[in-house]
Amino acid sequence: MAKTKKRPKKRSASIAIVRSDDCTGCEVCIVFCPVDCIDLKEPSDNPAERYVLIDKETCIGCTLCARYCPWESIDMVERKAYEEDAAFVFI
Ligand code: SF4
Ligand code: SF4
């Protein structure tokens, strides 16, 4: 059987970014994310310190998390601009 060529994965033009200071760790965004790329972080036993992080490589930019976040803690940003800014910060 002939092997099918795997096409490189297309990355979304936009990605979701969490403002961790505003995030309450309520997990609503986790429920809505269709690609399961949001993780809950619990740095201590204090529930007030919970927040989420988004895997930007996996995010498909669908905007669902930003639309349903009850605390409006998620911004949609242009991937290219975000990555250029990040590269500049970490040089
Ligand atoms: S829905 Fe908003 S407040 Fe809740 S965990 Fe996600 S980013 Fe944080
Ligand atoms: S934009 Fe969509 S894919 Fe990206 S983190 Fe939010 S819900 Fe998940």
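Here we summarise the structure given alongside this text. (Residues numbered from 1 in each chain as written. Chains lettered and ligands numbered in written order. Predicted model: local features only at pLDDT ≥ 70, side-chain atom pairs only at ≥ 80, totals over all residues. Heavy atoms only, no water.)

Some remarks on the site of ligand 1
Here is step 1: Close contacts around ligand 1 come from Cys23, Thr24, Gly25, Cys26, Glu27, Val28, Cys29, Val52, Cys69, Pro70, Trp71 and Ile74, and that covers them all.
Here is step 2: Cavity membership is defined here by more than half of the atoms lying within 2 Å of grid points; on that basis ligand 1 lies in the largest cavity.
Here is step 3: Here the shell around ligand 1 is built from residues that sort into 9 nonpolar, 2 polar and 1 charged. (Near = heavy atom within 4 Å. 1 Å grid on protein atoms, 1.4 Å probe; cavity = no way out; pocket = protein on both sides within 12 Å on 5 of 7 lines; lining within 4 Å. Sits in = over half its atoms within 2 Å of the grid points. Nonpolar A, V, L, I, M, F, W, Y, C, P; charged D, E, K, R; others polar.)

Comments concerning the nonpolar core
Here is step 1: Among the nonpolar cores identified, the biggest contains 15 residues, and Ile38, Ile54 and Ile74 are the most heavily contacted of them.
Here is step 2: For this core, the secondary structure elements donating two or more residues are strand S1 (14-18) and strand S3 (51-54).
Here is step 3: In this structure Ile54 touches Ala16, Ile17, Val18, Cys37, Ile38 and Cys59, once residues within four positions along its chain are discounted. (Core = buried A, V, L, I, M, F, W, Y, C linked by side-chain atoms within 4.5 Å. Buried < 20%, exposed > 50% of the residue type's maximum accessible area, 1.4 Å probe, protein only. Helix = DSSP H or I, 4+ residues; strand = E, 2+ residues; numbered from the N terminus. Contact = heavy atoms within 4.5 Å.)

Remarks on a nonpolar patch on the surface
Here is step 1: The grouping of Val31, Phe32 and Tyr68 at the surface amounts to a nonpolar patch, some 310 Å² of accessible area in total.
Here is step 2: You can see Val31 is positioned in helix H1 (residues 28-32).
Here is step 3: The exposure class assigned to Val31 is exposed, which follows from its relative accessible area of 68%. (Patch = residues over 30% accessible without salt bridge, like charges linked within 9 Å, V, L, I, M, F, W, Y side chains within 5 Å. Areas by Shrake-Rupley, 256 points an atom, 1.4 Å probe, with all protein chains shown as cover. Salt bridge = Lys/Arg side-chain N within 4 Å of Asp/Glu carboxyl O.)

Describing the packing of aromatic side chains
What describes a pair of aromatic rings is the distance from one ring centre to the other and the angle between the planes of the rings.
Here is step 1: Using the criterion set out here, one finds 1 aromatic pair in the structure.
Here is step 2: Judged by centre distance (4.1 Å) and plane angle (5 degrees), the rings of Phe32 and Tyr68 are stacked. In this pair, Phe32 is assigned in helix H1 and Tyr68 in helix H2 (residues 64-68), connecting sequence segments 36 residues apart.
Here is step 3: According to the relative accessible area criterion, Tyr68 is partly exposed, its value standing at 42%. (Phe/Tyr/Trp six-rings, centres within 6.5 Å; stacked < 30°, edge-to-face > 60°.)

Comments concerning the site of ligand 2
Here is step 1: Taken together, 14 residues surround ligand 2, and among them Cys33, Cys59, Cys62, Thr63 and Cys65 come closest.
Here is step 2: Most atoms of ligand 2, that is more than half of them, are within 2 Å of grid points of the second largest cavity.
Here is step 3: Within the shell around ligand 2, the residues separate by chemical class into 12 nonpolar, 2 polar and no charged.

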